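Secondary and tertiary structure notes
Here is how the chains run, residue by residue.
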Amino acid sequence: MSFYAGIDFGTSGARLAVIDADAHLCAQASRTFDTVAESDLVACWQATLFSLLKEIDRAERQTLRAIAINGTSSTVLLCDGVGQPLTVPLLYNDASGAPERETLRHLFAQERYANAPCQHTVLSATSSLVKLLWWSRQAVFSQARYLLHQADWLGFLLHGQPGISDYHNSLKLGYDVVHLRYPDWLTELAIAPLLPHVVAPGTSIGHVQPAVARQLELPFDCQICAGTTDSIAAFLASRATVPGEAVTSLGSTLVLKLLSQTRVENNTYGIYSHRLGKQWLVGGASNTGGAVLQQFFTVAELLHLSDRIITDQASPLDYYPLTQAGERFPVNDPSLLPRLEPRPADPVAFLHGLLESMARIEAEGYRLLQALGATPLKRVYSAGGGATNAAWTALRARQLGVPVERSQQLEAAYGTALLALGMHRQHKH
Ligand code: ADP
């Protein structure tokens with residue numbers, strides 16, 4: 001038997017999934033990070049990685065063919081020439097680098113960079129590139145040799161070659177996923193020598209280092225693959241591989257990801273595309289979602305009230321459920337107010353109105369992605385806390401007009417194990 005491992009590193013913990021050559025899930029494990037000081041964080045990641053791998057049943061571990069790791073997008077660290085961290089990591093939501101956006105805007109305004117997108121994803125306050133520019137003004141920078149994402153660095157611990165990343169993690173570093181190279185405006189910056197070499201997610205980078213193989217009792221030819229980001233790994237877990245298939249994540253917010261033959265970028269609505277082989281993963285995120293439901297109902301109430309909704313009747317209530325003012329997708333209005341009136345006395349009718357309105361916003365979201373050029377929607381898989389709600393699923397199927405199914409596998413670690421197995425190659429066809 002051959003086995004493949006995927007490891008999902010989040011902000012609060014890490015999960016492992018082991019699959020066989022038929023992509024059947026064989027084992028799972030998880031660890032939460034103890035609350036550690038910032039300065040101990042990378043040591044904690046390293047210990048977690050090794051302890052999760054040691055947890056794999058010995059027989060499976062000794063026949064492990066490949067390992068891939070996903071990390072939190074835009075969580076980065078600076079390393080020296082042998083991959084030793086020189087700084088504490090800057091986490092995904094760290095906006096220290098935000099003032100550096102001015103440097104980039106200034107650069108993009110120059111005539112010779114007329115082709116640089118004036119609303120590039122690197123211009124977000126937390127992008128990997130603004131973090132790197134911020135570091136370039138700190139004393140430590142003179143010793144730095146590589147910028148690595150969380151997944152890159154953890155992969156490095158296994159394969160031993162510093163300075164390698166994948167094009168999912170590197171999107172927010174400015175890597176050009178259309179031409180598969182760093183753009184000229186980026187390679188001309190003083191930070192350019194620190195940019196990692198970028199390969200396709202799932203590419204084998206090399207064998208596990210012999211010392212690590214001995215320590216973990218892994219085969220010496222176990223492949224260590226380039227990783228991905230947490231949200232793409234969660235998409236891969238759904239097994240959606242056909243253009244037109246999508247995954248809606250019904251968590252605190254509503255996140256849409258549609259597999260498309262065409263790439264869509266639109267800054268007005270915050271839409272951007274990740275490359276998946278020869279296809280594109282077009283995404284948009286709305287501020288509506290489960291967080292609004294939580295303001296009004298407990299999970300137990302959601303369960304028993306949802307059961308009483310007559311789902312083939314559309315609710316006449318036209319809400320825009322938000323926890324606070326402001327929306328970007330599918331309506332771009334930073335001052336849009338939550339619309340939750342009129343509120344009927346019957347809680348079933350109120351919940352029906354909320355779920356129906358969110359289903360309408362979801363359908364509007366997919367219509368917008370298609371209007372901007374994405375492949376027409378064929379099927380939607382559901383993930384996140386709301387995916388278990390059968391009444392909501394029925395309302396959504398009616399609004400979306402396509403089959404809506406629950407993802408069989410929801411774990412990002414499973415998606416990353418598929419990457420190790422090489423299932424991502426399906427997206428190339
Ligand atoms: P996140 O990771 O974004 O915080 P989760 O995927 O864990 O979110 O989902 C949590 C959300 O799911 C909560 O906001 C909650 O309102 C919603 N939720 C949980 N159970 C149900 C249910 N039965 N019906 C609808 N929504 C639910």
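All values reported here derive from a predicted model rather than from experimental measurement. (Residues numbered from 1 in each chain as written. Predicted model: local features only at pLDDT ≥ 70, side-chain atom pairs only at ≥ 80, totals over all residues. Heavy atoms only, no water.)

1. Some points on the site of the ligand
Near the ligand lie 13 residues; those nearest to it are Ser252, Gly290, Gln294, Gly385 and Asn389. Within the side chain of Gln294, an N or O atom sits 3.0 Å from an oxygen atom of the ligand. One of the backbone N or O atoms of Gly385 is found 2.9 Å from an oxygen atom in the ligand. Contact with the protein chains hides 69% of the accessible area of the ligand, taken as 580 Å² for the molecule alone. Mapped onto the shell around the ligand, the elements with two or more residues apiece are helix 9 (290-296) and helix 10 (299-306). The element contributing the most residues to the shell around the ligand is helix 9, with four residues. Looking at the shell around the ligand, its residues break down into five nonpolar, eight polar and no charged. (Near = heavy atom within 4 Å. Polar contact = N/O pair within 3.5 Å; in protein donor to acceptor, adjacent residues only side chain to side chain. Areas by Shrake-Rupley, 256 points an atom, 1.4 Å probe, with all protein chains shown as cover. Helix = DSSP H or I, 4+ residues; strand = E, 2+ residues; numbered from the N terminus. Nonpolar A, V, L, I, M, F, W, Y, C, P; charged D, E, K, R; others polar.)

2. Focus: the domain arrangement of the chain
Here the chain is described as being made up of domain 1 (3-232 + 415-425) and domain 2 (240-407). Look at where the C-alpha atoms of domain 1 and domain 2 centre, and you get two points 30 Å apart. The interface is formed by 10 residues belonging to domain 1 together with 11 residues belonging to domain 2. Carbon and sulfur atoms make up 62% of the surface buried where domain 1 meets domain 2, a total of about 1,000 Å² over both sides. Linking domain 1 with domain 2 are zero salt bridges, by the criterion used here. Run the count over domain 1 and domain 2 and you get five residue pairs in polar contact (both at pLDDT 80 or more). Of the residues assigned to the side of domain 1 that touches domain 2, the class counts are six nonpolar, three polar and one charged. (Domains from an automatic or database assignment. Contact = heavy atoms within 4.5 Å. Buried area = accessible area lost by both parts, 1.4 Å probe. Salt bridge = Lys/Arg side-chain N within 4 Å of Asp/Glu carboxyl O.)

3. Overview of the environment of Ala237
Along the chain, the position of Ala237 falls in helix 8 (residues 230-237). When the C-alpha atoms of Ala237 and Ser407 are compared, they prove to be 7.8 Å apart, with 170 residues separating the residues in sequence. Not counting residues within four places of it along the chain, the set of residues in contact with Ala237 comprises Gln409, Leu410, Glu411, Tyr414, Gly415 and Leu418.

4. What to know about the sheet that holds strand 16 (residues 379-383)
Taken together, the six strands give an open sheet; going across it, the order is 14-15-13-12-16-17, and neighbouring strands pair in mixed fashion. Here the strands that pair on one side only, and so sit at the sheet edges, are strand 14 (272-276) and strand 17 (404-406). The average angle at which neighbouring strand axes cross in this sheet is 25°, direction not considered. Both strand 12 (residues 245-250) and strand 16 contribute to a ladder of five bridges, which runs parallel. Following the sheet pairing, Ser249 is matched in strand 16 by Ala383. Sitting on the sheet, helix 8 is in contact with strand 12, strand 13 (254-260), strand 14 and strand 15 (279-286), with an inclination near 60° to strand 14. (Pairing = 2+ DSSP bridges. Axes fitted to C-alpha atoms, helices over the stretch in contact; angles between N-to-C directions.)

5. Section: the confidence of the model for the chain
Keep in mind that low pLDDT regions are not for reading the predicted coordinates in detail. Model confidence for the chain is summarised by a mean pLDDT of 94, while 97% of its residues fall at 70 or above. Among the prediction metrics, the complex's ipTM stands at 0.98, with pTM recorded as 0.92. (pLDDT = per-residue confidence, 0-100.)

6. Let's talk about helix 11 (residues 347-371)
Here helix 11 contains 25 residues, and its C-alpha end-to-end distance of 36 Å stays within 8% of the 36 Å for a straight helix at 1.5 Å per residue. Counting buried residues in helix 11 gives 18 out of 25 residues, a clear majority hidden from the surface. The residue sitting at the N-terminus of helix 11 and contributing the capping side-chain oxygen is Asp346; that oxygen lies 2.9 Å from the backbone nitrogen of Val348. Looking one or two residues past helix 11, Gly373 carries a phi angle of roughly 115°, positive in sign. (Expected span 1.5 Å × (residues − 1). Buried < 20%, exposed > 50% of the residue type's maximum accessible area, 1.4 Å probe, protein only.)

7. With respect to the packing of aromatic side chains
The description of two aromatic rings rests on the distance between their centres and on the angle between their planes. Summed over all chains, the structure comprises seven aromatic pairs. Where Phe297 meets Phe350, the ring centres are 6.0 Å apart and the plane angle is 45°; that geometry is what we call tilted. Of this pair, Phe297 sits in the loop between helix 9 and helix 10 while Phe350 sits in helix 11, placing them 53 residues apart in sequence. Accessibility assignment for this pair places Phe297 and Phe350 in one class, buried. Seen from their ring centres, Tyr319 and Phe350 are 5.8 Å apart, and the 70° between their planes marks the pair as edge-to-face. Remark: Phe350 occurs in helix 11 and Tyr319 occurs in the loop between helix 10 and helix 11; sequence separation between them is 31 residues. Side by side, Tyr319 and Phe350 carry an identical accessibility label, which is buried. One aromatic cluster is present, formed by Phe296, Phe297, Tyr319 and Phe350 through successive ring pairs. Across the ring face of Trp280, the terminal group of Arg263 is positioned such that the distance to the ring centre comes to 5.6 Å. (Phe/Tyr/Trp six-rings, centres within 6.5 Å; stacked < 30°, edge-to-face > 60°. Lys NZ or Arg CZ within 6 Å of the ring centre and 35° of its normal.)

8. Side note on the UniProt feature "domain: Carbohydrate kinase FGGY C-terminal" (unreviewed entry) in the chain
Residues annotated in UniProt with the feature "domain: Carbohydrate kinase FGGY C-terminal" (unreviewed entry) correspond here to residues 251-421. Each end of residues 251-421 is marked by a C-alpha atom, and these two atoms are 28 Å apart; helix forms 36% of the span and strand 16%. (UniProt positions renumbered as here; feature names shortened; annotations may be inferred.)

9. A look at the pairing of strand 14
Burial within strand 14 is extensive, with four of its five residues counted as buried. Alignment of strand 14 against strand 15, held across five bridges, turns out to be antiparallel. Looking at the pairing, His274 lines up with Leu281 of strand 15. Joining the antiparallel neighbours strand 14 and strand 15 is a turn of two residues, in which Gly277 adopts a positive phi near 60°.

10. Topic: the pattern of salt bridges
Scanning the model with the defined rule gives 15 salt bridges in all. When the shortest N-O distance is used, the salt bridge between Asp184 and Arg181 registers 2.8 Å. Exposure remark for Asp184: the relative accessible area of 41% places this residue in the partly exposed category. Using a relative accessible area of 41% as the deciding quantity, one classes Arg181 as partly exposed. Put simply, Glu356 and Arg398 hold a salt bridge, and the shortest N to O gap is 2.8 Å. Highlighted residues: Glu356 in helix 11 and Arg398 in helix 12 (residues 390-400), separated in sequence by 42 residues.

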